[in-house]
Amino acid sequence: MKIYNTLSKKKEDFEPINPGKVSMYVCGPTVYNLIHIGNARPMIVFDTVRRYMEYKGYDVNYVSNFTDVDDKIIKKANEEGVDSSVISARYIEECKKDMKALNVKTATTHPLATNEIGGMLEMIETLLEKDHAYVASDGTVYFKTRSFKEYGKLSHKNLDDLRGGNRSLLVSGEDQKEDALDFVLWKPKKEGEPYWESPWCNGRPGWHIECSVMSKKYLGDEIDIHAGGEDLIFPHHENEIAQSEAANGKQFAKYWMHNGFLNIDNKKMSKSAGNFFTVRDISEKYDLQVLRFFMLSAHYRSPLNFSEELMEAAKNGYERIVTCVSNLNFLIEKVEKDGGQEDVSVEETAYIEEAKTYIEKFEEAMNDDFNTADAISSIFELVKFTNTKASEKSSKEFLTALKDEIVMLSDICGLIVAKEAEILDDEIEALIQERQDARKAKNFARADEIRDNLLKQGIILEDTREGVKWKRA
């Protein structure tokens, strides 16, 4: 298995620190509003990485935090006249609802920054003792960026270039800094802000120290994979490396994974441009499984453009897999009902072996830096193969083998394609039977009338060579 490591800028063979185990930290959202589809991309991408690791037999300790103290949270709390904890608690719950709808697995641990202040104070004390930090006159604690000789190794930025030219790359500085590149570890409280006591001042932590401490507590000083959006490479992840390695004296993370940006109609998503979409917005028009399918239809490191046309294409692609599984369920039920062939034939045995080649293609794609686009293509190939080989004359064992394979590969991608069977009430079942009888009696007017009545109740009938099928509108 190869992973593209942002640190080395190349694909590397994946070798975990501890054989058979994977420690993985993914930067989570700042919870001041409903999550948007840009937040959803890393959630979906790295959930899929986790799922594949587990499929390959690894024991994955997956940690993804919630940043629950932040300027934006405080601003919203002040606007509503409530405590900031009310805002963060509200949107953590809303975020979890959206993650569930996206079929993102619950992390091994979802730490909250506000629960880990003690660890942050300890790490800052360590950095002060090791002369990697200093306290300003107002109690602000800064990290001495130049004290960490490898600063810039992740973002591949040169310290002198940062200081000399492009001010936009600098962490915002105050006059009290010893160096403009130094960044905040702890800052004094302002009026109306939440705060915690510290040896330096009553205040709150800087953003970067939060993830360093939560990763250390729940995964250890050294971890296998640290991941997030590419917008976090600098300064957030660069600063995490500096403070973690300066404090712990060990390499922070072996592999750094970053997903590409998400654009809307080839433009950067922004509220002012009117092209800002929350996950909840998308759910009003699409099953969120379609959004997940869309996110996985491109390689995670590539920029991804969101548009209605591409979502419709994703919807069609996703439904193609769902329909295939639904057809297999229909055929299996028919075989069971009609007492058809139970034992797999010699020909079907050969087909089952042939179908396994699509598993190999899937794994080959995922082993190459989690190429979900090619992995999904292999599922499509399996669907096409299934559609040509499965029929009402097939054995139950053969049909079940094909279905299980499609469901398994889809599940690795977090795609729910085996929809739970829905039970029609007696009245609707009677109408479907009545329509069948009307068609046999060539009373097509009545048959059409029943079809229209069922459509009004949200039931779509499909007449196939295997019999009548139905689905929800």
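Going by the structure above, here's the rest.
**Overview of the overall build of the protein chain**
Each helix and strand counted, the protein chain has 15 helices and 15 strands in total. In terms of its C-alpha atoms, the protein chain occupies a principal-axis envelope of roughly 95 × 50 × 35 Å. Taking all 473 residues of the protein chain together, the buried fraction comes to 49%. Relative to all contacts within the protein chain whose residues are 6 or more apart in sequence, the contacts with residues 24 or more apart total 74%. Surface accessibility of the protein chain: about 22,400 Å² in total, with carbon and sulfur atoms responsible for 47%. Between the centroid of the 64 positive side chains of the protein chain and the centroid of its 84 negative side chains there is a distance of 2 Å.

**Notes on helix α6 (residues 207-219)**
Counted at 1.5 Å a residue, the expected span for α6 with its 13 residues is 18 Å, and the 19 Å between its end C-alpha atoms agrees. All of the buried residues along α6 are His208, Ile209, Glu210, Cys211, Ser212, Val213, Met214, Ser215 and Leu219. Phi turns positive, to about 110°, at Gly220, one or two residues after α6.

**Quick look at the nonpolar core**
It is characteristic of soluble globular proteins that their nonpolar side chains tend to be buried jointly. Among the nonpolar cores identified, the biggest contains 87 residues, and Ile37, Ile225 and Leu291 are the most heavily contacted of them. Considering every element that reaches this core, the biggest residue donor is helix α10 (residues 308-338), with eleven residues. Residues within four places of Ile37 in sequence aside, it is in contact with Leu262, Ile264, Met269, Phe277, Thr278, Val279, Ile282, Leu291, Met295 and Phe306. Formed by 42 residues, the second largest nonpolar core is a distinct cluster that contains Tyr151, Val213, Ile233 and Trp256.

**A word on helix α7 (residues 233-248)**
Counting buried positions along α7 gives 15 out of 16 residues, so the element sits mostly inside the fold. Just downstream of α7 lies Gly249, where phi reads positive at about 70°.

**A few points about the packing of aromatic side chains**
A complete count under the given rule lists 15 aromatic pairs for this structure. Judged by centre distance (5.8 Å) and plane angle (80°), the ring pair of Phe14 and Tyr58 falls under edge-to-face. Of this pair, Phe14 sits in the loop between β2 (10-13) and β3 (21-26) while Tyr58 sits in the loop between α1 (37-55) and β4 (59-64), and the two are 44 residues apart along the sequence. We classify Phe14 as buried; its relative accessible area is 7%. Arranged with centres 5.0 Å apart and planes meeting at 20°, the rings of Phe143 and Phe183 form a pair that is stacked. Residue Phe143 is found in strand β6 (residues 141-143), and its partner Phe183 is found in strand β7 (residues 183-188); the two are separated by 40 residues along the sequence.

**Things to note about the side chain of Thr6**
Assignment of secondary structure puts Thr6 in the loop between β1 (2-5) and β2. Once you skip the residues sitting within four places of it in the chain, Thr6 turns out to touch Leu154, His156, Ile233, Trp256, Met257 and His258.

**Focus: the pattern of salt bridges**
The final tally for this structure, using the stated rule, is 34 salt bridges. Its salt-bridge partner being Glu80, residue Arg90 comes within 2.8 Å of it at the nearest N-O pair. Linking Arg90 in helix α3 (residues 84-101) with Glu80 in helix α2 (residues 71-80), this pair joins segments that are ten residues apart in sequence. Classification of Glu80 as partly exposed rests on a relative accessible area of 38%. Here Glu193 makes a salt bridge to Arg204, at a shortest N to O gap of 3.3 Å. Taken together, the residues span a long stretch of sequence, with Glu193 in the loop between β7 and β8 (203-205) and Arg204 in strand β8 at a distance of eleven residues. Using a relative accessible area of 3% as the deciding quantity, one classes Arg204 as buried. Members of the salt-bridge network, linked through shared partners, are Asp47, Arg51, Arg292 and Asp411.

**Considerations on the pairing of β3**
Taken across its six residues, β3 has five buried, putting it largely inside the fold. Where β3 and β4 come together, six bridges link them in parallel fashion. Bridging from a neighbouring strand, Val26 pairs with Ser64 of β4. Regarding topology, α1 serves as the crossover connection from β3 to the parallel β4, and that connection is right-handed.

**Observations regarding the sheet that holds strand β13 (residues 304-306)**
If you walk across this open sheet you meet the three strands as β12-β11-β13, and the pairing is mixed. At either end of the open sheet lies a strand with only one pairing partner, and these are β12 (267-268) and β13. When strand β11 (residues 262-264) meets β13, the two strands line up parallel, connected through three bridges. In the strand pairing of β13, Asn263 is matched with Asn305.

Procedures and definitions
Residues numbered from 1 in each chain as written. Predicted model: local features only at pLDDT ≥ 70, side-chain atom pairs only at ≥ 80, totals over all residues. Heavy atoms only, no water. Helix = DSSP H or I, 4+ residues; strand = E, 2+ residues; numbered from the N terminus. Buried < 20%, exposed > 50% of the residue type's maximum accessible area, 1.4 Å probe, protein only. Contact = heavy atoms within 4.5 Å. Areas by Shrake-Rupley, 256 points an atom, 1.4 Å probe, with all protein chains shown as cover. Lys, Arg positive; Asp, Glu negative; His and termini not counted. Charge placed at Lys NZ, Arg CZ, Asp CG, Glu CD. Expected span 1.5 Å × (residues − 1). Core = buried A, V, L, I, M, F, W, Y, C linked by side-chain atoms within 4.5 Å. Phe/Tyr/Trp six-rings, centres within 6.5 Å; stacked < 30°, edge-to-face > 60°. Salt bridge = Lys/Arg side-chain N within 4 Å of Asp/Glu carboxyl O. Pairing = 2+ DSSP bridges. Right-handed = clockwise from strand over helix to strand, strands pointing away.

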